[in-house]
Amino acid sequence: MKLDIQTINALADRLEGCQLKQQDTTKITDDHPEMDWDDAYAIQDEIRHRKVARGLRVIGLKAGLTSHAKMKQMGVTTPVFGFMTEDYAVPDGGECKLSELIHPKVEPEIAFVTKTELRGPGCHIGTVLAATDFVMPGIEVIDSRYRDFKFDLKSVVADNTAAARFVVGGQPMDVSGVDLRTVGIVLEKNGSPVAFGAGAAVLGHPAAAIAMLANHLAERGECIPAGTLILSGGITEAVSVQAGDNVTLRVQGMGSTSMRFI
Ligand code: OOG
Ligand code: MG
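Thresholds applied
Residues numbered from 1 in each chain as written. Chains lettered and ligands numbered in written order. Predicted model: local features only at pLDDT ≥ 70, side-chain atom pairs only at ≥ 80, totals over all residues. Heavy atoms only, no water. Helix = DSSP H or I, 4+ residues; strand = E, 2+ residues; numbered from the N terminus. Rg over C-alpha atoms; globule rule 2.2 N^0.38 Å. Buried < 20%, exposed > 50% of the residue type's maximum accessible area, 1.4 Å probe, protein only. Contact = heavy atoms within 4.5 Å. Pairing = 2+ DSSP bridges.

**Q** Describe the overall build of the protein, naming the residues involved and giving the relevant values.
**A** In terms of helices and strands, the protein carries six helices and 12 strands. For 262 residues, the compact-globule formula gives about 18 Å, and the C-alpha radius of gyration of the protein, at 17 Å, lands near that figure. Once the C-alpha set of the protein is aligned to its principal axes, its extents read approximately 50 × 45 × 35 Å. Expressed as a percentage of its 262 residues, the buried residues of the protein come to 55%. Taking all contacts inside the protein whose residues are at least 6 apart in sequence as the whole, residues at least 24 apart take part in 76%.

Below is the structure:
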């Protein structure tokens, strides 16, 4: 760690403050170029502690920057991990209020729900599939607290990987019933297809993103408990949304999930 605890706290304040007040900010590495990965996750952890202390439950985990499309869009090369609290969940078909967000974008993702604990190191696609209860379509709403989504990896980790809202729904499916590499997805905005892809866009197999998360947590002495919802990362580039937009994600064999921006 390169930053002291006062600086970690001040940066958590600054980033969560931006989220709560719908304000953007410059990336924190501009002011703290020396910060390292442990500092970045320590700031994210401090934001999580603040939310939990206010009575919010953590209801899911996420992997991000797991597809080449996303890495290219953001100019980075490594996946990152974050969390979702209960206030991030939008009911399937429900409304997402733009007044609570800065500059949201939507991402088509495959959501996993685990049935047994996943503990690294050494997790791989096989252990993830064995521990998965079901998979389902999920749309993540990202809302970077950084001006114009301009960040580097440590800044985005500190900002809890731009997590803001999500919806899951459709037809939950047993992993034995689907080839997650070839499963096709269509993201629609107001009835028009705006992004297409297949599961393999995420690290060759979306379960690889879950394995990476488990192995990452193991380095911190943590695991993925049974019954955890995890978003495996955007399959395509993220798509901007505006008031009035209806967004639907269709995943082959898994039905669809949708949300409306008001
Ligand atoms: C960071 C969040 C990335 C994903 O699915 O790739 C992410 C960002 O692109 O702003 O959630
Ligand atoms: Mg995402």
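**Q** Give me unusual backbone geometry: which residues, what numbers.
**A** Omega for the peptide link from Gly120 to Pro121 comes to 0 degrees, which places this bond in the cis form. Its identity as a non-glycine residue notwithstanding, Asn190 has a phi of 50 degrees, on the positive side. On the secondary structure map, Asn190 appears in the loop between strand S7 (184-189) and strand S8 (192-198).

**Q** Could you give an account of the sheet that holds S8, with specific residues and numbers?
**A** Strand pairing within a sheet occurs via backbone hydrogen bonds; the two strands may be parallel or antiparallel. Taken together, five strands build an open sheet; the order of strands is S3-S12-S11-S7-S8 and the sheet is mixed. Here the strands that pair on one side only, and so sit at the sheet edges, are strand S3 (95-96) and S8. Note that S7 and S8 share six bridges and pair antiparallel. Looking at the pairing, Gly184 lines up with Ala198 of S8.

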